[in-house]
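Next come the chains, spelled out residue by residue.
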Number of protein chains: 2
Amino acid sequence: MLNRVRSAVAHLVSSGGVPPPNPKSPDLPNTTSAPPAALPETPKSLPARAGSGTGTGSGAPAKTVDTRASSSRPTFLQLSPGGLRRAEDQAGRAVQSPPDTGRRLPWSTGYAEVINAGKSRHNEDQACCEVVYVEGRRSATGTPKEASRGQGLCFYYWGLFDGHAGGGAADMASRLLHRHIREQLKDLVEILQDPCPPPLCLSSSPGAYNPSHLVGPQSCWSSQKEVTHESLVVGAIENAFQLMDEQMARERRGHQVDGGCCALVVLYLLGKLYVANAGDSRAIIVRNGEIIPMSREFTPETERQRLQLLGFLKPELLGSEFTHLEFPRRVQPKELGQRMLYRDQNMTGWAYKKIEVEDLRFPLVCGEGKKARVMATIGVTRGLGDHNLKVCSSTLPIKPFLSCFPEVQVYDLTQYEHCPDDVLVLGTDGLWDVTSDHEVAATVDRVLSTYEPNDSSRYTAVAQALVLGARGTPRDRGWRLPNNKLGSGDDISVFVIPLGGPGSYS
Amino acid sequence: MLNRVRSAVAHLVSSGGVPPPNPKSPDLPNTTSAPPAALPETPKSLPARAGSGTGTGSGAPAKTVDTRASSSRPTFLQLSPGGLRRAEDQAGRAVQSPPDTGRRLPWSTGYAEVINAGKSRHNEDQACCEVVYVEGRRSATGTPKEASRGQGLCFYYWGLFDGHAGGGAADMASRLLHRHIREQLKDLVEILQDPCPPPLCLSSSPGAYNPSHLVGPQSCWSSQKEVTHESLVVGAIENAFQLMDEQMARERRGHQVDGGCCALVVLYLLGKLYVANAGDSRAIIVRNGEIIPMSREFTPETERQRLQLLGFLKPELLGSEFTHLEFPRRVQPKELGQRMLYRDQNMTGWAYKKIEVEDLRFPLVCGEGKKARVMATIGVTRGLGDHNLKVCSSTLPIKPFLSCFPEVQVYDLTQYEHCPDDVLVLGTDGLWDVTSDHEVAATVDRVLSTYEPNDSSRYTAVAQALVLGARGTPRDRGWRLPNNKLGSGDDISVFVIPLGGPGSYS
């Protein structure tokens, strides 16, 4: 990801240079959690709180957990100090995975990562894999509502966080985003388990959902929208992303939340996978050899019209330095009065316009592919953090153009009988920059076919093969792929989540 | 379409009640046109300026053409005064098509229409089918550039305009939109015929494209976007829609441009079909039985987030009457302090919020399906006109929320060998409200199979069958379909354009 942010602006992002204090999570009460083993969603092979990346798992109180240094790696890698040094060695770029021995990740999920080739000091990707228990909201008296006792919800959670301009935001998101999601779901514990449609309006009394809190018979309204359970989970995830981002804004000074991060997270809840993406990571399902895209990338190119519309409606956000118009290349002063191609917030095609003085400003959106930029600075348009990000040599903030909201795609696991070779692959852009969806599917097929279906290490083998394939071989540290093209010099992180077979949810 | 605009607001739209004066088109110079017969794009069966709906065809000067009364129908129907009365008879609802005798429409295009069942006095749909010749822009001296002489372009054009709250906008668009497109294409006549990539910058001198006007070698720039010929045509169409809308704004008082209209137009130019849609009409290709969607509908539901973002960024557009938040039903004053589901401009899911006083305002977007509305008034979010449209019992204008920009989809006709049964079907929402894509494809198949492939009347037969099928049978004027469901009481207009076979472009 670092190559998507001009290194020139890194120094503009506040970082006191002091060791981070022990961050607290004032918004996240230390609710108790029951072990998921008592719940019907428990997978057969569930390890005891497996993959609790940094000790911030659902059962751990917040105050004991936030001591990870900015250069640390997910705890589920179980790295020794020596192992951590090897993981951070940018000359060797050893691929890291959880050890064969010890706890498996939930669903026997495979994971592998590799550090970048020297673009930033540390690996700015972070990852999280958790089983999270959600208890219904407590009543005003502090005791759980009678109706909700023993009826909590359990969700499985995987997250990849691709940091830029510092590792603080990715680190914080990997520790806390799933807890924000849990908080949002607390209000829904009983509603989601009630086969009736969700109530449109609830009484204002605190505490869990109770049918008696329903306000009036719904049928008395002439027109009302149907709201699905699924859309409530989507709303909970969306709001959790926003609250995570707001927490970063509040705590950025005290806790060195430097930089920003893309976030790609997956929830498994009540039979459905929710894939939420904010940034340029990617998720695909490989099912019976078929590729099912589960996310879209958000970049200056894919979000050009949203960005231009904002600049058009709020020109003060552009200062006197930028124009909301896009040109196919930079306009030169000597071209004043000539006619150049342009497009505005309403256009997908191009047309000629006479160049005026204002057109000499730098375009809000410029470049293409991996070189596309917002305000000549950042190459992704959604994610968490970046509250201190300014245009180079300027005080103009970039954050107003960035969105913290994910796009959530839902996949109903019960609609299809999955075999052990069906997987959901999550990867940061380091993977996808040099690997197509079809190449990923081919690697999935090739590697899985060499393992027995009940070998729980096969998904880790796939993740390792994908990371190795994207990194390439050293060739004097030029990191080349077999076809002699350049491998990815970026941080690469990959989850391979099996959708059926041993270690699966069912 | 009328049922998509509350009749209550119709009176708010300015209409002086006086006969329309002879509208002029000051922005559209009366350029001369060469007959298309000399051009390589000419179809074998091209009639002499066929389908010149109102005499406003490409060859007619503007000043002679704008005399169509607001209740008139496209001239290519060749209706006598008696025929016009029958066409406007809302009890009989006779299906209208061009006569078998006389000129065929270009490509043997089929067309049929029917008036609504009494929802508005006149048929507010309009249609246009033209062959338009584009001559390169003239030089400052008034003579065509040497290089452009005899090298003009020809495009085929079909347009459906579904009016609401008056027929003026649809009528004006059917007469003039293709001329705005022609004006936009004039600058591109030579560029589009030059196999080289389009120049990014041109000298400012007026006149046609000339390679010598290219400013500097393109390769000296380190970074520039590739711009395709196709994207220039798309940009020309987009700008033509905007200029058409601006002309309606300028002339609305003098020329009684009442109401607004959805616009669905198709251009065939240099081997490609450009399908531009602004509103809720629809285009599909039926190819070898397969359905290829060629447009998306723009409604308060599909554009909810765009509308909400605008209301959020520009709250003054909402007055004190509307909230940008969406609720699944109207919030009642007695529900203050309770928690209701909502979603904002960033959310696709729903979440609960405590109801505050501001939430009692009417939602900017409400309702679903055909009952979805912007500001409780209009059911489409893109189109031309509506400059006088106000919220009922208010001075709040709705136009800022409406977009005049189409979405343009491109279909390369040369990439596939089409048979005589492959067609592009364009229909106003009166068709699609009661007919699925698959039902349309089945009707296409059924009707075409009863005609010889070289029978040029077969596409009109399909259009008639589609309109009849959507209208239904009278059954005491209840207009019922065979399954006893309600037929469409709306105006219905349909083009059926063959993509291969007799009368086609090749």
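Everything that follows concerns the structure shown earlier in this document.
Colleague: An account of helix H8 (residues 458-471) of chain A is needed here, citing residue identities and associated values.
Modeller: All names here are of chain A. In this model, H8 (14 residues) spans 20 Å end to end at C-alpha, consistent with the 20 Å of a helix rising 1.5 Å per residue. With ten of 14 residues buried, H8 lies mostly within the body of the structure. Within H8 the residues assigned to the buried category are Arg-458, Tyr-459, Thr-460, Ala-461, Val-462, Ala-463, Leu-466, Val-467, Ala-470 and Arg-471. Tucked inside the fold, the buried residues of H8 contact strand S1 (110-114), strand S17 (423-427), helix H6 (429-432), helix H7 (437-448) and strand S18 (492-498). After H8 finishes, the residue Gly-472 shows a positive phi value of roughly 85°.

Colleague: Kindly report on the sheet that holds S18(A), identifying the contributing residues and their values.
Modeller: Residue and element names in this part refer to chain A. Judged by pairing direction, the sheet is antiparallel, and its five strands sit side by side in the order S1-S18-S17-S7-S8 without closing on themselves. Taken across any chain shown, the strands that pair with only one partner, and hence form the sheet edges, are S1 and strand S8 (290-293). Here the average twist between neighbouring strands, direction ignored, is 20°. The pairing of S1 with S18 spans five bridges and is antiparallel. Residue pairing in the sheet places Glu-113 in a bridge with Ser-493 of S18. Docked against the sheet, H7 engages strand S7 (282-287), S8 and S17, running at close to 50° with respect to S7.

Colleague: Give me helix H5 (residues 304-313) of chain A: which residues, what numbers.
Modeller: Among all positions in H5(A), only A:Arg304, A:Leu307, A:Gln308, A:Leu310, A:Gly311 and A:Leu313 are buried. Where the residues of H5(A) are buried, they touch strand S13 (365-366) and strand S14 (373-374) of chain A together with helix H6 (304-313) of chain B.

Colleague: Quick one: what's the story with the pattern of salt bridges, residue by residue and with numbers?
Modeller: Overall, the coordinates contain 50 salt bridges over all chains when judged by the stated rule. Residues A:Glu356 and A:Lys353 are paired through a salt bridge, measuring 3.6 Å at the closest nitrogen-oxygen approach. By relative accessible area, A:Glu356 is classed as partly exposed at 49%. Residues B:Arg382 and B:Glu303 are paired through a salt bridge, measuring 2.8 Å at the closest nitrogen-oxygen approach. Highlighted residues: B:Arg382 in the loop between strand S14 (373-374) and strand S15 (384-385) and B:Glu303 in the loop between strand S8 (290-293) and H6, separated in sequence by 79 residues. Via salt bridges that share partners, A:Arg137, A:Glu183, A:Lys186, A:Asp187 and B:Arg339 belong to a single interconnected network.

Each value, and the rule that gives it
- Residues numbered from 1 in each chain as written.
- Chains lettered and ligands numbered in written order.
- Predicted model: local features only at pLDDT ≥ 70, side-chain atom pairs only at ≥ 80, totals over all residues.
- Heavy atoms only, no water.
- Helix = DSSP H or I, 4+ residues; strand = E, 2+ residues; numbered from the N terminus.
- Expected span 1.5 Å × (residues − 1).
- Buried < 20%, exposed > 50% of the residue type's maximum accessible area, 1.4 Å probe, protein only.
- Contact = heavy atoms within 4.5 Å.
- Pairing = 2+ DSSP bridges.
- Axes fitted to C-alpha atoms, helices over the stretch in contact; angles between N-to-C directions.
- Salt bridge = Lys/Arg side-chain N within 4 Å of Asp/Glu carboxyl O.

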